Amino acid sequence: MGKRKVSRRQAWRINKIQEERAARAEKRDALIEEQLEGGVLGPEQQGLIISHFGRQVDVEALEGEQRGSLQRCHMRTHLGQLVTGDRVVWRRSADSGVVVAALDRHSELLRPNNHGELKPVAANIDYIVIVIAVEPYAHANLIDRYLVAAEASGIEPVLLLNKADLLDDNNRQRLEPLLEQYRQLGYRTLQASTASRDGLDELKALLTDHVSVFVGQSGVGKSSLVNSLLPGSDIKTGALSEQSRKGRHTTTTARLFHFPDGGDLIDSPGIREFALWHMTEEQVLNGFRELSALRGHCRFRDCRHEQEPGCAFLNALESGAISSQRFHSYQQILHSMQDSR
Ligand SMILES: Nc1nc2c(ncn2[C@@H]2O[C@H](COP(=O)(O)OP(=O)(O)OP(=O)(O)O)[C@@H](O)[C@H]2O)c(=O)[nH]1
Ligand SMILES: [Mg+2]
Ligand SMILES: [Zn+2]
C-alpha cells in the first residue's frame, strides 16, 4: 500500500515540475518577445554558436566592435535545435543576448540521444574525426556506426588512433590491421599521441583551414588532442577508471575552438553507443562501401544476405573479398535496428 501512495505522490510531483517548467518557458518567451518589441536590444548581427547549455547558448560575435567575444544568449522559440557550429543572427541586450534566427547549415552530424530523440552533435563541419585509442578498447562496430552516420551526412570521416605511445607487440597485432582495413577501404587514417606528440603535426596539417569534430568513446583523448593542437584551450581531461579502463565522461558539452590561422576544432562528449534506428536499411548499406558495391548482384532481388543461394555478399565473404568483421558489423546494425522497432 505504501508503494502506491509514494508513486501517486511522485506522479503529482512530476506533473507539478512539468507545469512549472512550462510556465517558466512561457515567461521566458514572453520576456524575449517584450525585449524584441520594446527595442531594448541591439541591432541584428551574425554570430557563431560555440557551446550549448540547455536553454542557452554561448554565441561568438562575428562582427562589430566586440568581434570575437562570447555572449551567453537566450533563444527565441521555434528556432529548431541549435548546435555548436551553427551560424545565427542575434541581438545584444544589457546583460545577455537573444538569438533571433538560425542560418542554414551546410552539414550536420545527427545522433539519437538516450531519450530516443534525434539531436544534432555539431553543424557546418568538414571532417568527422573518429578517435579511437589503444585504450579504452576500440570497438570496430562503433567505428562502422560512425562511418554510416558520416556517409549519410555527406561529411568526410577520418579515423584517428590516439595514444600510439601505448602500442606494444600485443595490441599492435590487433590495432594495425584494424586501421589498415579502413585505409584499404579508402578512408583517411592517422596515428597520434598527445603524450609523445607523435603524429600531431600531420594531424594539424590536415585539420587546418577546416572545421572538424572529434567524436568517439569517452577516454580516447579527444579533449587532450584539442589541448595539444591548441595550447591554451585548457579543457578538462579525465583519467580512465582504474577498474574498467573506460573513460569517465569528462566532457559534457560540445565546444568549438579556433585555430589561430584558420579552421576550427569541436570537442564533443564521449559516447557509450551510437544508435542508428533513425536510418533506413539503404543508408546503412551506403555506409559500408565494399558491400554497397555489391548491391544488385545477388540472385534474388529481395536477398537478405543471410543464407540465400547466389548471394553476392556471402560469396564475397567466402572468397575473402570482404572482411568478416565488416560483414558481421553490418548484420549487427541491421538486427539492432529491427530490435528497436
Ligand atoms: N598514454 C596516453 N594517454 C593519453 C593520450 N591522450 C590522452 N591520454 C589520457 O587519456 C585520458 C582521457 O583523456 P581525455 O582527453 O579526457 O579523453 P576524452 O576523449 O576527451 O574523454 P571524454 O571527455 O570523457 O569523452 C586522460 O587521462 C589523458 O591524459 C595519449 O596520447 N597517450
Ligand atoms: Mg573530453
Ligand atoms: Zn545477398
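Note that the structure is a prediction, hence the values are computed from the model and not measured.

Brief notes about the coordination of the magnesium ion (ligand 2)
Thought 1: For the magnesium ion (ligand 2), the protein coordination sphere consists of Ser 223 (OG) and Thr 251 (OG1), at 2.0 to 2.1 Å. Remark: Thr 251 occurs in the loop between helix 5 (222-229) and strand 12 (255-258) and Ser 223 occurs in helix 5; sequence separation between them is 28 residues. Like Ser 223, the residue Thr 251 is buried in the burial classification.

Quick look at the domain arrangement of the protein
A common way to report how large an interface is uses the accessible area buried once the components associate.
Thought 1: Domain assignment breaks the protein into domain 1 (8-102), domain 2 (122-267) and domain 3 (281-340).
Thought 2: Spacing between the C-alpha centres of domain 1 and domain 3 amounts to 46 Å.

Some remarks on the packing of aromatic side chains
Thought 1: Enumeration over the complete set of coordinates arrives at four aromatic pairs.
Thought 2: Ring geometry for Phe 313 and Tyr 330: centres 6.2 Å apart, planes at 50 degrees, overall tilted. Separated by 17 residues along the polypeptide, Phe 313 in helix 8 (residues 312-319) and Tyr 330 in helix 9 (residues 324-340) bring together distant segments of the chain. The same class applies to Phe 313 as to Tyr 330, namely buried.
Thought 3: Taken together, a centroid distance of 6.4 Å and an interplanar angle of 35 degrees make the contact between Phe 327 and Tyr 330 tilted. Residue Phe 327 and its partner Tyr 330 are both found in helix 9; the two are separated by three residues, about one turn of the helix. Assigned by exposure class, Phe 327 and Tyr 330 land together as buried.
Thought 4: Through successive ring pairs, a cluster of aromatic residues spans Phe 288, Phe 313, Phe 327 and Tyr 330.
Thought 5: Taking NZ or CZ as reference, Arg 72 lies 4.1 Å from the ring centre of Phe 53, over its face.
Thought 6: One Lys or Arg, Arg 289, reaches over the ring of Tyr 187 and ends 3.9 Å from the middle of that ring.

Quick word on the UniProt feature "domain: CP-type G" (unreviewed entry) in the protein
Thought 1: Mapped onto this numbering, the UniProt entry gives "domain: CP-type G" (unreviewed entry) at residues 115-274.
Thought 2: When the span residues 115-274 is considered, its composition is 29% helix and 23% strand, and the gap between its end C-alpha atoms is 13 Å.

Focus on the site of ligand 1
Thought 1: Neighbouring ligand 1 are 23 residues, the closest being Asp 165, Thr 194, Ser 218, Ser 224 and Thr 251.
Thought 2: Here Thr 194 contributes a side-chain N or O atom positioned 2.7 Å from a nitrogen atom of ligand 1.
Thought 3: Contact with the protein chains covers 86% of the free accessible surface of ligand 1, which is 660 Å².
Thought 4: Ranked by residues supplied to the shell around ligand 1, first place goes to helix 5 with three residues.
Thought 5: Looking at side-chain class alone, the shell around ligand 1 contains five nonpolar, 15 polar and three charged residues.

Some points on the coordination of the zinc ion (ligand 3)
Thought 1: Cys 298 (SG), Cys 303 (SG), His 305 (ND1) and Cys 311 (SG) make up the full set of protein donors to the zinc ion (ligand 3), lying at 2.1 to 2.4 Å.
Thought 2: Relative to the metal, the four donor atoms surrounding the zinc ion (ligand 3) lie at angles of 100 to 113 degrees, and the coordination shape comes out tetrahedral.
Thought 3: Mapping the donors of the zinc ion (ligand 3) onto the primary sequence gives the spacing C-x4-C-x1-H-x5-C.
Thought 4: Assessed through its relative accessible area of 1%, Cys 311 is described here as buried.

Quick notes on the UniProt feature "binding site: Zn(2+)" (unreviewed entry) in the protein
Thought 1: On the UniProt side, "binding site: Zn(2+)" (unreviewed entry) is annotated at positions that read Cys 298, Cys 303, His 305 and Cys 311 here.
Thought 2: Looking at the secondary structure, you find Cys 303 in the loop between helix 7 (289-292) and helix 8.
Thought 3: Owing to a relative accessible area of 9%, Cys 303 belongs among the buried residues under this scheme.
Thought 4: Other than its neighbours up to four places away in sequence, Cys 303 contacts Cys 298, Glu 308 and Cys 311.
Thought 5: Position of Cys 311 relative to the elements: it lies in the loop between helix 7 and helix 8.
Thought 6: Each residue touching Cys 311, except ones within four places of it in the same chain, is listed here: Cys 298, Cys 303 and His 305.

Thoughts on helix 3 (residues 169-184)
Thought 1: The first and last C-alpha atoms of helix 3 sit 22 Å apart over 16 residues, in line with the 22 Å expected at 1.5 Å per residue.
Thought 2: Taken residue by residue, helix 3 has Asn 171, Leu 175, Leu 178, Leu 179, Gln 181 and Tyr 182 as its buried positions.
Thought 3: Here the buried face of helix 3 lies against strand 8 (127-133), helix 2 (140-153), strand 9 (156-162), strand 10 (188-191) and helix 9.
Thought 4: The residue sitting at the N-terminus of helix 3 and contributing the capping side-chain oxygen is Asp 168; that oxygen lies 2.9 Å from the backbone nitrogen of Asn 170.
Thought 5: Positive phi shows up at Gly 186, right after helix 3, with a value of about 100 degrees.

Re helix 4 (residues 200-207)
Thought 1: Regarding helix 4, the residues found buried are Leu 200, Leu 203, Leu 206 and Leu 207. The buried side chains of helix 4 occupy one side of the element, clustering within an arc of 125 degrees when seen end-on. Seen from the buried face of helix 4, the exposed residues on the opposite side, beyond 90 degrees, are Asp 201 and Ala 205.
Thought 2: In this fold, the buried residues of helix 4 make contact with strand 8, strand 9, strand 10, strand 11 (211-215), helix 5 and strand 13 (264-267).
Thought 3: With its phi angle positive at about 70 degrees, Asp 209 sits one or two positions after the end of helix 4.

Some remarks on the environment of Ile 49
Thought 1: Examined against the element boundaries, Ile 49 turns out to sit in strand 1 (residues 45-53).
Thought 2: Of the residues examined, Ile 49 reaches a relative accessible area of 0% and is grouped as buried.
Thought 3: Sequence separation between Ile 49 and Val 83 is 34 residues; the distance between their C-alpha atoms is 6.6 Å.
Thought 4: Setting aside anything within four residues of it in sequence, one finds Ile 49 in contact with Val 57, Asp 58, Leu 82, Val 83, Thr 84, Gly 85, Asp 86 and Val 88.

What counts, and at which threshold
Within each chain, residue numbers correspond to sequence positions counted from 1 in written order. Chain labels run from A onward and ligand labels from 1 onward, assigned in the order the entries are written. Note on the predicted model: pLDDT of at least 70 is required for a residue's local features to be given, and 80 or more for side-chain atom pairs to be given and counted; whole-chain, interface and lining totals, by contrast, use all residues. To obtain the side-chain values, all non-hydrogen atoms of the structure were used and water was disregarded. A 2.8 Å cut-off from the metal defines N, O and S donors, relaxed to 3.2 Å for Na, K and Ca; water is not in the atom list, so some sites may appear incomplete. Segments assigned H or I by DSSP are reported as helices when at least four residues long, segments assigned E as strands when at least two residues long, and all are numbered from the N terminus. Think of it in three bands: residues with accessible area under 20% of the maximum for their type are buried, residues over 50% are exposed, and the middle band is partly exposed, with areas taken using a 1.4 Å probe on protein chains only. Each domain's extent was defined by an automatic or database domain assignment. Paired rings are identified among Phe, Tyr and Trp, the last through its six-membered ring, by centres lying within 6.5 Å, and are further divided according to the angle between planes into stacked (under 30 degrees), edge-to-face (over 60) and tilted (the rest). Look at NZ for Lys and CZ for Arg. If either is within 6 Å of the ring centre and within 35 degrees of the ring normal, a charge sits over the ring. UniProt positions are given in the numbering used here, feature names are shortened, and annotations may be inferred rather than shown by experiment. Distances are taken per atom, and a residue is near a molecule or strand as soon as one of its heavy atoms is within 4 Å of it. Here a polar contact is recorded for every N or O atom pair within 3.5 Å, except that within protein the pair must consist of a potential hydrogen donor and a potential acceptor, and residues adjacent in sequence are included only if both atoms are side-chain atoms. Here the accessible surface of atoms and residues is derived via Shrake-Rupley with a 1.4 Å probe, and residues count as covered only by protein chains that are part of the display. For this scheme, ten residues count as nonpolar: Ala, Val, Leu, Ile, Met, Phe, Trp, Tyr, Cys and Pro. Four count as charged, namely Asp, Glu, Lys and Arg, and the remainder, Gly too, count as polar. Key to geometry: four donors with every angle between 85 and 135 degrees are tetrahedral; four donors are square planar and six octahedral where opposite donors lie over 155 degrees apart and all remaining angles lie between 65 and 115; all other sites are irregular. Should any heavy atoms of two residues lie within 4.5 Å, those residues are considered in contact. To estimate how far a helix should extend, the number of its residues minus one is multiplied by 1.5 Å. Each C-beta atom gives one direction from the helix axis, and the arc is the one those directions make.

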